[in-house]
Amino acid sequence: MEISLYDTLTGARKPLRPRDGRTVGMYVCGPTVYSRVHIGNARPFVVFAQLARFLRRTGLDVRLVCNITDVNDKIYAAAAGGDSAALAAEMAGHYIADTDRLGLGRPDAEPLASESIPAIVDEIEALIERGHAYEAGGDVYFRVRSDPSYGGLSGRDVDQMDQGEDVDGSARKTDALDFALWKAQKPGEDVAWDSPWGRGRPGWHIECSAMAESLLGVGFEIHGGGVDLAFPHHENEAAQTRCARGAELAQIWMHNGMLELGTAKMGKSVGNVAALHDVLDEYGRDAVLIYLSSGHYRQPIAFGRPELAQATSSVARIRGVARRLVLGPSPADMSPLRERFFAALADDFNTPAALAAVYDWVREANRRAEATAAGSDDLREMLDVLGLANLVDDASRQAPDAVVGLAADRQAARLARDFAAADRLRTAIEELGWSVRDAGDGFELVARDA
């Protein structure tokens, strides 16, 4: 199966060509941990975890690396003069716990910027030696105009660019376009390392170049992240490696679209965020995964109650048909739907088209439910790529009588508008390992690991 993916640099689909014919290295820019992650931060985590699952299903060996940025100006600002390292560690812990709840597993490596300082210093030294960087007052800056390919990834005119850095170091730059590779320690900054240029800390962009190269080498297959990172972050990553190593960092640059509330993208800086753990608490991981898979990864997707309600309904449809299936091979005449599913993913990882094949499979299984029981193997295989095989696996799991009784009592309490009692009963049900969800005039019990 030939797999093609849209490459931001060339503006076209490119066939995936593993360097050794089998191994795929994927580097994805993870969060800057200065607060709890929001549902928008979950999109790249989900997109690239699902892509890795798909590639592995085709027989490829995938090494997925997602960094955690724990050294950054935003962390200093959020710490407000306090212990920035402690804040970063706390929020990194929340990030791992929150994304664990998505049930997609962890990346193969999750490097921390704070643990990658030697590799970062090495790359900066290489850039200085090659004439692409210079030291000024304890800072080190990258010479943007020294790279004739700069701007190619983001498609921007170099003279129209703004790196978005503060004006603190502008007087030390030889060109306003240049960006910081190393920043001298300032008063009030509690985290710093020794370097050939004095105590300080790395700039954001060099962190990712060094971590990606250290774990995947140069010229690895896929570099991913949100489209908001294409400039300046990914543009600068590409330039740093190109100039320090004389080779391109990655073969394919993939960018996912943003989540939108109305016409504005969701972002911490905007303040219109919905925390991932809150969304998971309200809707469950299955609905969140279906929701995030419902839009093509390159496009923005709307976020709100209607979209999540629709995802919840889709989960119920799949779970409903799964309860009527038998284990074993699916009917042969339904195999084209499985083939359509995998063909959609091979064509620029089109999860909406793949889900359409799943829904058609469910519709056909429902149509013939009274005549014959369809086997579940194809449905389970398709859902497993998206991290949703539990919808089939859990279909045969029945809640114990004691849990069913508590759920019935909770429903009675809700009808009596005794919401405090209903909340207590919900908690008791969850402590027994089940979640209760309202469904029409009744309720549905789902194992909490579902």
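This is a predicted model, so every value here is computed, not measured.

Draft legend 1. Quick look at the packing of aromatic side chains. In the structure shown here, the tally under the stated rule is eight aromatic pairs. Plain terms: the ring middles of F45 and Y95 are 6.4 Å apart, the flat faces sit at 85° to each other, and that makes the pair edge-to-face. Of this pair, F45 sits in helix α1 (residues 39-57) while Y95 sits in helix α3 (residues 84-100), placing them 50 residues apart in sequence. In this structure, F45 and Y95 share a single accessibility class: buried. With a centroid separation of 6.3 Å and an interplanar angle of 40°, the aromatic rings of F54 and F349 are classed as tilted. A residue pair is termed long-range when its members are at least 10 positions apart, and F54 in helix α1 and F349 in the loop between α10 (335-346) and α11 (351-367) qualify at 295 residues. Pair check on accessibility: F54 and F349 agree, each one buried.

Draft legend 2. Here's a closer look at the pairing of strand β7 (residues 179-184). Of all six residues in β7, six are buried, a share of seventy percent or more. As judged from the three bridges shared by strand β6 (residues 139-142) and β7, these two strands associate in the antiparallel manner. Opposite F142, over in β7, you have F179 as the bridge partner.

Draft legend 3. Spatial organisation of the environment of Y291. Relative to the helices and strands, Y291 is located in helix α8 (residues 285-293). Taking relative accessible area as the criterion, Y291 reaches 2% and is therefore assigned buried. Those residues within four positions of Y291 in sequence are excluded, and the remaining contacts are L259, I301, A302, F303, E307, L308 and A311.

What counts, and where the lines are drawn
- Residues numbered from 1 in each chain as written.
- Predicted model: local features only at pLDDT ≥ 70, side-chain atom pairs only at ≥ 80, totals over all residues.
- Heavy atoms only, no water.
- Phe/Tyr/Trp six-rings, centres within 6.5 Å; stacked < 30°, edge-to-face > 60°.
- Helix = DSSP H or I, 4+ residues; strand = E, 2+ residues; numbered from the N terminus.
- Buried < 20%, exposed > 50% of the residue type's maximum accessible area, 1.4 Å probe, protein only.
- Pairing = 2+ DSSP bridges.
- Contact = heavy atoms within 4.5 Å.

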